[in-house]
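Listed below are the residues making up each chain.
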Amino acid sequence: MSLPLAPEHPWLAPLAGFTDLPFRLVCRKYGCKVAFTEMISAKGLIYNNTNTSLLLQTCSQDVPLVVQLFGSHPKDIVNAVLCLQKKGFFYFDLNCGCSVKKVVKTGAGAALLKNPSQIVQIFKALHEYVPPQNTGIKTRLGYDLNTSTYLELAENLAALNIGWFTLHPRYAREKFSGQARWEHLANLKKLFPELKVIGSGDLFTAQDGLNCLHQTKIDGIMFARGALSNPYIFREFKLLLEGKDISQLNKKKLIAEILEDFVFYYQQYAPQSIKKMRTILPKMIKNIPEAKKMRVKLSFLNSWEEVREMINLFKGESNG
Ligand SMILES: Cc1cc2nc3c(=O)[nH]c(=O)nc-3n(C[C@H](O)[C@H](O)[C@H](O)COP(=O)(O)O)c2cc1C
């Protein structure tokens, strides 16, 4: 069970506030091969916060699952991983890309890029307890604009034989502005062919995923915002890989199916989450007539019954 992660892809990115168990199960249904938890504070885990245990909710269909940790000290990360191993988790990712103030000011997330040797220390400490292939990193190019730290990191972490290296090719200071520079993904793979490189950044559609893969020759891609607005993206990606045409898919029918999946999994694992549906579901409604009206309606949902009514509406119209 604790074998190195299979190189299959696409992967689902960690998305704080979104990629909880039901969300991951929807994505897995459509062909997501590896999923991540939302980022979890190593310290929070050690102190057993209630919120942390919610973030760790999983089930037998939710495999392989990578737990993403943020923290700044080797000791905290090691203690968190020891705790997670006792709970039955196998794969661990270190967040070195989050540029949110709350995280950066503690020296974690992208702040670690200011001190890459600290990152290497964290992995060395971790490898006393975890097979290196079961550990990986998700990072950006560097902290400040044009300060590219990722190559130095890749060199050191490849020597430690880590399992994956996910790069979101923007600098932390850029947050999400401008365009992801995929050429750095190509560069990384070319210089370190032994490293399993996973690409993230501006993969909004299945076609973006395919383009990125072809342009960079990396090992795999990871959908983030693309999956937030269309979990079906995983299936579309597979169809494209097989050379199939996805332009004729019935959008309304698909949306009805996706909404049904969300209702099914959230009612099973998080029945109190109707409020969460107000943020998740409207993102799925696009490229159809009256999308705006539907999004507004979904953002005021008060009950599962109302979601069902919407689904029936989609179903009725897509059959007609
Ligand atoms: C709402 C949101 C939450 C995110 N949460 C995390 C996180 O918890 N950990 C992480 O490493 N990256 C996180 N990211 C970054 C994504 O995983 C991804 O690398 C980034 O969005 C770039 O990919 P995209 O342009 O295809 O969306 C988050 C991004 C968004 C938009």
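Residues numbered from 1 in each chain as written. Predicted model: local features only at pLDDT ≥ 70, side-chain atom pairs only at ≥ 80, totals over all residues.

Participant: With reference to specific residues and values, describe the pairing of strand β4 (residues 65-70).
Facilitator: Among the six residues that make up β4, five are buried, leaving the element largely enclosed by the rest of the structure. As defined by bridge partners, strand β2 (residues 34-36) adjoins β4 across two bridges and the pair is classed as parallel. Bridge assignment links Ala 35 to a residue of β4, and that residue is Leu 65. Looking at chain direction, strand β3 (residues 40-41) and β4 are connected through two bridges and run parallel. Along β4, the bridge assignment pairs Ile 40 with Leu 69. Both β4 and strand β5 (residues 91-96) contribute to a ladder of four bridges, which runs parallel. Within β5, the position partnered with Leu 69 by the bridge is Leu 94. Handedness of the β-α-β unit built from β4, helix α4 (residues 74-86) and β5 comes out right-handed. (Buried ≥ 20, exposed ≤ 12 C-beta atoms within 10 Å, placed from the backbone. Helix = DSSP H or I, 4+ residues; strand = E, 2+ residues; numbered from the N terminus. Pairing = 2+ DSSP bridges. Right-handed = clockwise from strand over helix to strand, strands pointing away.)

Participant: Outline the environment of Val 78, listing residues and values.
Facilitator: Inspection of the secondary structure assignment puts Val 78 in helix α4. In this structure, the C-alpha to C-alpha distance between Val 78 and Ile 122, residues 44 residues apart in sequence, is 7.9 Å. For Val 78, the contacting residues outside a window of four places in its chain are Ala 125, Leu 126 and Tyr 129. (Contact = placed C-beta atoms within 7 Å.)

Participant: Can you break down the site of the ligand residue by residue, with the values?
Facilitator: In the vicinity of the ligand there are 20 residues, among which Ala 13, Pro 14, Met 39, Ala 224 and Arg 225 approach most closely. Broken down by class, the residue content of the shell around the ligand amounts to eight nonpolar, eight polar and four charged. (Near = placed C-beta within 6 Å. Nonpolar A, V, L, I, M, F, W, Y, C, P; charged D, E, K, R; others polar.)

Participant: Which residues make up the pairing of strand β6 (residues 135-140), and what are the values?
Facilitator: Counting buried positions along β6 gives six out of six residues, so the element sits mostly inside the fold. Covered by surrounding structure in β6 are Thr 135, Ile 137 and Thr 139 together with Gly 136, Lys 138 and Arg 140, the residues of both alternating faces. Across five bridges, the pairing between β5 and β6 is parallel. Its bridge partner being in β6, Cys 96 is matched across the sheet by Thr 139. Here β6 runs beside strand β7 (residues 164-168); their pairing, made up of five bridges, is parallel. Residue pairing for β7: Lys 138 is matched across the bridge by Thr 166. Handedness of the crossover joining β6 and β7 through helix α7 (residues 150-159): right-handed.

Participant: Could you give an account of the domain arrangement of the protein, naming the residues involved and the relevant values?
Facilitator: Interface size is commonly expressed as the accessible surface area that is lost when the partners come together. Per the domain assignment, the segments making up the protein are domain 1 (11-241) and domain 2 (251-319). Placing the centre of domain 1 and that of domain 2 at their C-alpha centroids yields a distance of 29 Å. The interface is formed by 13 residues belonging to domain 1 together with twelve residues belonging to domain 2. Contributing elements (two or more residues each) for the side of domain 1 that touches domain 2: α1 (21-29) and α10 (225-229). Sorting elements by how many residues they give to the side of domain 1 that touches domain 2 places α1 first, with five residues. By residue class, the composition of the side of domain 1 that touches domain 2 is eight nonpolar, three polar and two charged. (Domains from an automatic or database assignment.)

Participant: I'd love a proper account of helix α12 (residues 251-269), names of residues and values included.
Facilitator: For α12, with 19 residues, the first-to-last C-alpha span of 27 Å sits near the 27 Å given by 1.5 Å per residue. Regarding α12, the residues found buried are Leu 254, Ile 255, Ala 256, Ile 258, Leu 259, Phe 262, Tyr 265 and Tyr 266. (Expected span 1.5 Å × (residues − 1).)

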